[in-house]
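Working through the structure, step by step
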Amino acid sequence: MTGDLRVPFRGDQPVIIRGASSFLIISRAFEKFPLLIETDTEEIVQGVYPGDLIIVSAPEGGDILPALYLLEMVRTYHLPVIALPKTHPAGKRLSYVVSAAEKIEMRCDIRRGTHPEQHLLCSADEFTGMTLYSEENDLVIRFPRPGIRVSSLDWNPSFTEKSVETGSDPGCPDR
């Protein structure tokens, strides 16, 4: 592909980019929040601003639902991100990794989960070199790789709690 690829965001719905064996899930931040990045030696605080991207990468593919949960943990609940030391053995086993920044570059030559720098994200080779950012209401993909497929996801992370009839008065202990 030549030139930038522009994909409109549909409200707060994430966009998915699929390759032959991996995927990226992309959403925008809708509010300003501090992203805490925990390393083995320090805590880094980075501002995330409306319009910044939050991207979950699944370098080996897998189920979409855990990636969506990770996206919501950062986008909605502002949970901290952990950056492992480069020698930590768990880096090889991470199925999903996340970054949040104004502009994020996909790289296959970095170790998963080890980069506190949020402008880089570990991805499969089929996405390496792509840079993603938002402009107005669009996701912009610079240097899109051949063979990628882009879609919007209908995702609703809400739930409804329904009480269960137990047959006894919850205010009185059973005798």
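Right, let's walk through the structure included here. Please read these numbers as outputs of a predicted model, since none were measured by experiment.

With respect to the overall build of the protein
A count of helices and strands for the protein gives 1 helix and 13 strands. When its helices and strands are written in sequence order, the protein yields β-β-β-β-β-β-α-β-β-β-β-β-β-β. Taken along the three principal axes of its C-alpha coordinates, the protein extends 75 × 40 × 30 Å. When each of the 175 residues of the protein is scored for burial, the buried share is 42%. Of all intrachain contacts in the protein linking residues separated by at least 6 positions in sequence, the fraction that spans at least 24 positions is 65%.

So, the layout of surface pockets
Here the largest pocket defines a volume of roughly 380 Å³. Along its surface, the largest pocket is lined by 26 residues, and Val81, Ile82, Val97, Val98 and Gly113 are the ones closest to its centre. When residues of the lining of the largest pocket are traced back to their parent elements, those giving at least two are helix H1 (64-75), strand E7 (81-82), strand E8 (97-101) and strand E10 (120-122). Looking at side-chain class alone, the lining of the largest pocket contains 19 nonpolar, 5 polar and 2 charged residues.

A short note on the sheet that holds strand E6 (residues 53-58)
Taken together, the 5 strands give an open sheet; going across it, the order is E8-E6-E3-E2-E13, and neighbouring strands pair in antiparallel fashion. Lying at the two open borders of the sheet, with one neighbouring strand each, are E8 and strand E13 (149-152). This sheet shows a mean twist of 20° between the axes of neighbouring strands, independent of strand direction. Pairing geometry for strand E3 (residues 23-28) and E6, over 6 bridges, is antiparallel. Residue pairing in the sheet places phenylalanine 23 in a bridge with alanine 58 of E6. Helix-sheet contacts for H1 involve strand E2 (15-18), E3, E6 and E8, and the interaxial angle to E3 is about 30°.

Structural notes on the sheet that holds strand E4 (residues 33-38)
One open sheet holds the 3 strands; their spatial order is E5-E4-E7, and the pairing between them is mixed. Either end of the sheet is taken by a strand with one partner, and the two such strands are strand E5 (43-48) and E7. Inspection of the sheet shows E4 paired to E5 by 6 bridges, in the antiparallel sense. Opposite isoleucine 37, over in E5, you have isoleucine 44 as the bridge partner.

Some remarks on the pattern of salt bridges
One pass over the full model with this rule turns up 6 salt bridges. In this structure, the salt-bridge partner of aspartate 154 is arginine 10, at a minimum N-O distance of 2.7 Å. Within this pair, whereas aspartate 154 is found in the segment after E13, its partner arginine 10 is found in the loop between strand E1 (5-8) and E2, the two being separated by 144 residues in sequence. A relative accessible area of 43% places arginine 10 in the partly exposed class. Overlapping salt bridges bring together Arg6, Glu135 and Asp138 as one network.

Some thoughts on H1
With 12 residues, H1 should reach 16 Å at 1.5 Å per residue; the first-to-last C-alpha distance of 16 Å fits that figure. Listing the buried residues of H1 in full gives Ala67, Leu68, Leu70, Leu71, Glu72, Val74 and Arg75. For H1, the secondary structure elements touched by its buried residues are E3, E4, E6, E7 and E8.

Section: the environment of serine 21
Mapped onto the fold, serine 21 is located in the loop between E2 and E3. Note: C-alpha distance between serine 21 and glycine 62 (41 residues apart in sequence) is 8.7 Å.

Description of the state of the cysteines
Within the structure shown, the criterion is met by 0 disulfides. Unpaired in terms of disulfides, cysteine 108 finds its nearest cysteine sulfur in cysteine 122, a separation of 8.0 Å. A relative accessible area of 35% means that cysteine 108 is categorised as partly exposed.

Cut-offs applied
Residues numbered from 1 in each chain as written. Predicted model: local features only at pLDDT ≥ 70, side-chain atom pairs only at ≥ 80, totals over all residues. Heavy atoms only, no water. Helix = DSSP H or I, 4+ residues; strand = E, 2+ residues; numbered from the N terminus. Buried < 20%, exposed > 50% of the residue type's maximum accessible area, 1.4 Å probe, protein only. Contact = heavy atoms within 4.5 Å. 1 Å grid on protein atoms, 1.4 Å probe; cavity = no way out; pocket = protein on both sides within 12 Å on 5 of 7 lines; lining within 4 Å. Points joined across faces, edges and corners; volume = space filled by probe spheres on them. Nonpolar A, V, L, I, M, F, W, Y, C, P; charged D, E, K, R; others polar. Pairing = 2+ DSSP bridges. Axes fitted to C-alpha atoms, helices over the stretch in contact; angles between N-to-C directions. Salt bridge = Lys/Arg side-chain N within 4 Å of Asp/Glu carboxyl O. Expected span 1.5 Å × (residues − 1). Disulfide = S-S within 2.5 Å.

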